[in-house]
Amino acid sequence: MAFFGKRILSFRNRKKDTPGGLWDSCPSCKEMLYLKEMKEAQGVCTHCSHHFSLPREDRIAMFADAGSFEEWDGDLTSVDTLKFTGTASYTDKLAENLLKTGYKDAISCGKTRVGGFDVGLGVMDFKFLGASMGAVVGEKVTRLIERSTEARMPVLLVCASGGARMYEGLFSLMQMAKTSGALARHAKAGLPYIPILTHPTTAGVMASFATLGDVIIAEPEALIGFAGPRVIKETTQQDLPDGFQRSEFLIKHGLLDMIVHRHDLKQRVVDLLNFWMPESSQRPVPVDGPMGIKQEDVVEAPTKNTPAKRRKS
Ligand SMILES: [Zn+2]
């Protein structure tokens, strides 16, 4: 599938391209890769560290302490409100992607433990309609954040997306405000949120929950941006700098806080949670009031625990 000039294939998909399904070549260093080794290496090229797209179940397994993931809202299904028909109807597209992935939409959310911390975890899956954000993705992300706020849990969201889901028109765009509002209330309760931006994280997802983190982490060489580089180049009529919209470019320009190799991601998240989890976040919270939180019970985290980009509202 062509997407911003780069094929988005997980190593599991790529094996279909090779006889026997045992070997494949790395698109970055061109070395031959033994797929069993690559799976053990969490989808990272053993020669050049190119990060392949990772299936959502592998990504969950990568973060979740063994056997701790409990899925929420796995049955939510998109509705074809606009009766959209292009080359295929939206309903047909949904059925096709359900068959292809075994999932009903482009994100899996739930409660898990990461390094012993209770965490709300969401993992987006580019294989499902380019991990586009429609009403179901927006609702699942919002419920994840709201339940985590009630349970006083940090949120970890592994992002990948082509943007808002065009099949749902305005309904998809509304999810940007809805998820951002839920995150604002989560932040106001003094709870940390860590988005992890993987290749590619673009458009409406990048412009909402993917970049509202207390610490924004990206994997190496991930494409991250709002409009694609070709569109920007054609609109501005200017040549774009080398590495434009890649993680390494964006960290120099202040959009990201860290680029972390996939093998170090879980430990880095655990280090952040160890640093962040202030005693105030672990106090029981009254169940009445919006989100189960009374305004007078909202405790700002102590300064030493407050990330530089902590939102105030
Ligand atoms: Zn390689």
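Coordinates for the structure precede this section.
This section reports on the structure supplied with the text. (Residues numbered from 1 in each chain as written. Predicted model: local features only at pLDDT ≥ 70, side-chain atom pairs only at ≥ 80, totals over all residues.)

### Looking at the nonpolar core
Quick reminder of the rule: Note on terminology: a nonpolar core is a set of buried residues of type Ala, Val, Leu, Ile, Met, Phe, Trp, Tyr or Cys, with members joined through C-beta atoms within 7 Å. The burial label depends on the number of other C-beta atoms within 10 Å of a residue's C-beta. Counts of 20 or more mean buried, 12 or fewer mean exposed, and intermediate counts mean partly exposed, with C-beta atoms placed from the backbone. Think of it this way: any DSSP run of H or I at least four residues long counts as a helix, any run of E at least two long counts as a strand, and we number them from the N terminus. Remark: residues whose backbone-derived C-beta atoms lie within 7 Å of one another are considered to be in contact.
Grouped together as the largest cluster of nonpolar side chains are 56 residues, with contacts concentrated most on L121, M124, L156, C159, I194 and L197. Per element, the largest residue contribution to this core is six residues, and it comes from strand β8 (residues 155–161). Each residue touching L197, except ones within four places of it in the same chain, is listed here: C159, A210, I216, A218, A222 and I224. By size, the runner-up hydrophobic cluster in this structure holds five residues, among which are C26, M38, V44 and C45.

### Points about helix α10 (residues 262–276)
We apply this condition: Given a helix with a known number of residues, its expected span is that number minus one, times 1.5 Å. Comment: arc refers to directions from the helix axis out to C-beta atoms.
Between its first and last C-alpha, α10 extends 21 Å over 15 residues, near the 21 Å set by a 1.5 Å rise per residue. For α10, the set of buried residues is R262, L265, V269, L272 and W276. When α10 is viewed along its axis, its buried side chains cluster within an angular range of 65 degrees and face the same direction. For α10, the exposed residues set more than 90 degrees away from the buried face come down to D264, Q267, D271 and N274. Where the residues of α10 are buried, they touch β6 (107–114), β8 and β9 (193–202).

### Examining the environment of M62
Among the structural elements, M62 can be located in helix α3 (residues 56–63). Residue classification places M62 among the partly exposed residues on the basis of 17 C-beta atoms within 10 Å. Beyond its immediate sequence surroundings of up to four residues, M62 is in contact with Q42 and K266.

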